[in-house]
Amino acid sequence: GAVVSQHPSRVICKSGTSVKIECRSLDFQATTMFWYRQFPKKSLMLMATSNEGSKATYEQGVEKDKFLINHASLTLSTLTVTSAHPEDSSFYICSARVLTGKNTEAFFGQGTRLTVV
Amino acid sequence: QQQVKQSPQSLIVQKGGISIINCAYENTAFDYFPWYQQFPGKGPALLIAIRPDVSEKKEGRFTISFNKSAKQFSLHIMDSQPGDSATYFCAAKQAGNNRKLIWGLGTSLAVNP
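Bear in mind the structure is a predicted one, so any value in this text is a computation, not a measurement.

Re the nonpolar core
Judged by nonpolar contacts, the single largest core of 26 residues is most densely connected at Val 4, Phe 28, Trp 35, Phe 67, Leu 79, Tyr 92 and Leu 114 of chain A. Ranked by size, the runner-up nonpolar core spans 25 residues in total, among them Phe 73, Leu 75, Ala 92 and Leu 109 of chain B.

Points about the interface of chain B and chain A
As a measure of interface size, the accessible area lost when the parts come together is often cited. With 20 residues of chain B at the interface, the matching set in chain A holds 24 residues. Carbon and sulfur atoms make up 48% of the area that chain B and chain A hide from each other, which totals about 1,700 Å². Counting across the chain B and chain A interface gives 1 salt bridge. Lys 100 of chain B is paired through a salt bridge with Glu 59 of chain A; the nearest N and O atoms lie 2.6 Å apart. For the interface between chain B and chain A, the tally reads 6 residue pairs in polar contact (both at pLDDT 80 or more). Mapped onto the side of chain B that touches chain A, the elements with two or more residues apiece are β4 (30-38) and β9 (86-94) of chain B. Per-element accounting of the side of chain B that touches chain A gives the leading share, 3 residues, to β4 of chain B.

Notes on the sheet that holds strand β1 (residues 4-7) of chain A
Residues and elements named next belong to chain A. The 4 strands lie next to each other as β1-β3-β8-β7, forming an open sheet whose pairing is antiparallel. In this open sheet, the two strands that pair with only one neighbour each are β1 and β7 (67-73). Taken pair by pair, the neighbouring strands of this sheet meet at an average axis angle of 15°, ignoring direction. Of the pairings in the sheet, the one linking β1 to strand β3 (residues 19-25) comprises 4 bridges and is antiparallel in character. Residue pairing across strands places Ser 5 opposite Arg 24, the latter belonging to β3.

Concerning a nonpolar patch on the surface
Residue and element names in this part refer to chain B. Nonpolar side chains collect at one region of the surface, where Ile 18, Ile 20 and Met 78 lie side by side and expose about 240 Å² of accessible area between them. Structurally, the position occupied by Ile 18 is in the loop between β2 (10-14) and β3 (19-25). Overall, the relative accessible area of 47% leaves Ile 18 in the partly exposed class.

Looking at the sheet that holds strand β1 (residues 4-7) of chain B
In a beta sheet, neighbouring strands pair by backbone hydrogen bonds and run either parallel or antiparallel. Residue and element names in this part refer to chain B. Pairing is antiparallel in the open sheet, where 5 strands are placed in the order β1-β3-β8-β7-β6. Single-partner strands in this sheet number two, and they are β1 and β6 (56-59). Sheet twist, expressed as the average angle between the axes of neighbouring strands with direction ignored, equals 15°. Pairing of β3 with strand β8 (residues 72-77) involves 6 bridges; the strand directions are antiparallel. Residue Ala 24 lies in a different strand from β8, and its bridge partner there is Gln 72.

A short note on the packing of aromatic side chains
Taken as a whole, this structure holds 17 aromatic pairs over all chains when the rule is applied. On the numbers, 6.3 Å between centres and 45° between planes, the contact of Phe 67 of chain A with Tyr 92 of chain A is tilted. One end of the pair, Phe 67 of chain A, is in strand β7; the other, Tyr 92 of chain A, is in strand β9 (residues 90-97), with 25 residues separating them in the sequence. Their ring planes at 90° and their centres at 6.4 Å tell us that Phe 30 of chain B and Phe 33 of chain B sit as a pair that is edge-to-face. In this structure Phe 33 of chain B comes out as buried when scored by relative accessible area, which is 0%.

Quick notes on the pattern of salt bridges
All names here are of chain B. Inspection of the entire model under this criterion finds 7 salt bridges over all chains. The shortest N-O distance in the salt bridge between Lys 71 and Glu 26 comes to 3.7 Å. Here Lys 71 is found in the loop between β7 (62-67) and β8, whereas its partner Glu 26 is found in the loop between β3 and β4, with 45 residues between them in sequence. Among the residues examined, Lys 71 registers a relative accessible area of 22% and is labelled partly exposed. Take Glu 26: its relative accessible area is 53%, and that puts it in the exposed class.

Structural notes on unusual backbone geometry
A cis geometry characterises the amide bond from His 7 of chain A onward to Pro 8 of chain A, with omega recorded as 0°. Looking at the secondary structure, you find Pro 8 of chain A in the loop between β1 and β2 (10-13). With an omega of -5°, the peptide bond between Ser 7 of chain B and Pro 8 of chain B qualifies as cis. Locating Pro 8 of chain B in the fold gives a position in the loop between β1 and β2. In the Ramachandran plot, Lys 41 of chain A falls in the positive-phi region, its phi being about 60° despite a non-glycine side chain. Summarising the element assignment, Lys 41 of chain A is placed in the loop between β4 (32-38) and β5 (44-51). Using a relative accessible area of 85% as the deciding quantity, one classes Lys 41 of chain A as exposed.

Rules behind the numbers
Residues numbered from 1 in each chain as written. Chains lettered and ligands numbered in written order. Predicted model: local features only at pLDDT ≥ 70, side-chain atom pairs only at ≥ 80, totals over all residues. Heavy atoms only, no water. Core = buried A, V, L, I, M, F, W, Y, C linked by side-chain atoms within 4.5 Å. Buried < 20%, exposed > 50% of the residue type's maximum accessible area, 1.4 Å probe, protein only. Contact = heavy atoms within 4.5 Å. Buried area = accessible area lost by both parts, 1.4 Å probe. Salt bridge = Lys/Arg side-chain N within 4 Å of Asp/Glu carboxyl O. Polar contact = N/O pair within 3.5 Å; in protein donor to acceptor, adjacent residues only side chain to side chain. Helix = DSSP H or I, 4+ residues; strand = E, 2+ residues; numbered from the N terminus. Pairing = 2+ DSSP bridges. Axes fitted to C-alpha atoms, helices over the stretch in contact; angles between N-to-C directions. Patch = residues over 30% accessible without salt bridge, like charges linked within 9 Å, V, L, I, M, F, W, Y side chains within 5 Å. Areas by Shrake-Rupley, 256 points an atom, 1.4 Å probe, with all protein chains shown as cover. Phe/Tyr/Trp six-rings, centres within 6.5 Å; stacked < 30°, edge-to-face > 60°.

Okay, structure coming up:
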């Protein structure tokens, strides 16, 4: 199956700093990528939908100035958590959807555990 | 309002038994129903998916049963193994590349050896 690589898998940062998370589709082109946040023992919460070359669409309640998303190419999207605070500590997961075809399968990265201290 | 309702929240099954997880939905525009498996500290992985034009799909030990009239679908794991212990999520999506997945709340499955 298609591979989505997410980096880093774990990151610890100090309050007030910014952290960038990368999501790459390794063997396919993805026009659409999704960023999720997951709290312990909870379901995935969609943060934003990212289309290559255009601005991301954020879900209600998600601060676009805090969670900056860039989708510069068909294989790379980045999420930057700006001015991180301890409450931003969470598990962030990206997902990429294949470009064409009847198959609308979404492939997920391995997730990034962010801890803000 | 939860658009996709998943039950049970947790499930304990003996090795070799059948694990059954159920999901119900309201939106009749949904046309894609995947199940994902997630291990702790990892992203979800697609297990099996079905479209509403079929009532059942089987892949190895995993089967989806789909009841369009009842707006329900379920995951059956036959001959459950300890390695199947994970959290399982059902989801649903409308047609269209930009449509987002609507997720169930998840079921934590523990298979006892």
